[in-house]
Amino acid sequence: MPEDNDLIRQFQYGDEKSFDKLVEKHLNNVFGFFLKVTRNSMTAEDLAQDVFMKLYKNLKNFRHESSFSTYLFRINANTANSWITRNKWKNILHLDQAPDRGEIDSSTESEWARKELWDGISRLPKKQRTVVMLRISDSLSYKEIAEVTGISEGSAKVNFHHAIKRLKEDLNNE
């Protein structure tokens, strides 16, 4: 498959099929990222579709100053942050619908732990949440996170450290 920058240039010159190839190349990673964040395949599909719609609208203006993967990670992170912000109240208002923890068998215990982790991540301040999502979901290095978010590598490390500290405190208190 051609390189991302070649596909982008072809798309910028009017070749619509090159955008399809770009989507095909990155769809699984984008969907997987949102599946980890939302824990819901339909929501992950919707968010992935939103990312590719934004990409389609804005790719004509892509200047090749940063790597495409950095650009795509930034769109993913911004879309995830927007979704989390929009759904915070929904999550808070539906806490009464969560099953009683005493009724959970051992097979679903790890799913609860994962849900609690992502719920904790959703409560972090935006910058910390973004750094943690990129580090955990996409296994990005601090240098890559710095490129995606526009902060220094040191700031990415500090934000991650504070986020993990806060998550540990939150999870220990529950």
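Calculation criteria
Residues numbered from 1 in each chain as written. Predicted model: local features only at pLDDT ≥ 70, side-chain atom pairs only at ≥ 80, totals over all residues. Heavy atoms only, no water. Helix = DSSP H or I, 4+ residues; strand = E, 2+ residues; numbered from the N terminus. Contact = heavy atoms within 4.5 Å. Axes fitted to C-alpha atoms, helices over the stretch in contact; angles between N-to-C directions. Parallel < 35°, antiparallel > 145°, perpendicular 65-115°, else oblique. Bend = angle between axes of the 7 residues up to and from the residue. Buried < 20%, exposed > 50% of the residue type's maximum accessible area, 1.4 Å probe, protein only. Salt bridge = Lys/Arg side-chain N within 4 Å of Asp/Glu carboxyl O.

Colleague: When you look at the side chain of Thr79 in this model, what are you seeing that I'm missing?
Modeller: Mapped onto the elements of the fold, Thr79 is located in helix H4 (residues 68-93). Among residues more than four places away in sequence, those in contact with Thr79 are Phe34, Leu47, Val51 and Lys54.

Colleague: I'm lost on the packing of helix H7 (residues 142-149) against helix H8 (residues 153-173) in this one. Help?
Modeller: Between two packed helices, both the angle of their axes relative to each other and the distance between the axes serve to describe the pair. Axis separation between H7 and H8 bottoms out at 8 Å; the angle between their running directions is 105°. The orientation of H7 relative to H8 falls into the category roughly perpendicular. Taking contact as the criterion, the partners of Tyr142, Lys143, Ile145 and Ala146 in H7 are, on H8, Glu153, Ala156, Lys157 and Phe160.

Colleague: Please explain helix H2 (residues 16-38) as it appears in this structure.
Modeller: An α-helix turns once every 3.6 residues. As a result, residues three or four positions apart point the same way. At His26, H2 shows its largest kink, close to 50°. Every buried residue of H2 is accounted for by Ser18, Phe19, Leu22, Val23, His26, Val30, Phe33, Phe34, Val37 and Thr38. Looking one or two residues beyond H2, the residue adopting positive phi is Arg39, at roughly 60°.

Colleague: Looking at this model, I keep getting lost on the pattern of salt bridges. Mind explaining?
Modeller: A side chain of one charge can pair with a side chain of the opposite charge if their charged atoms are brought near each other. Under the definition given, this model contains 3 salt bridges. Between Arg39 and Asp119 there is a salt bridge; the shortest N-O distance is 3.1 Å. In this pair, Arg39 sits in the loop between H2 and helix H3 (41-58) while Asp119 sits in helix H5 (residues 106-122), placing the two residues 80 residues apart along the sequence. Classification of Arg39 as partly exposed rests on a relative accessible area of 33%.

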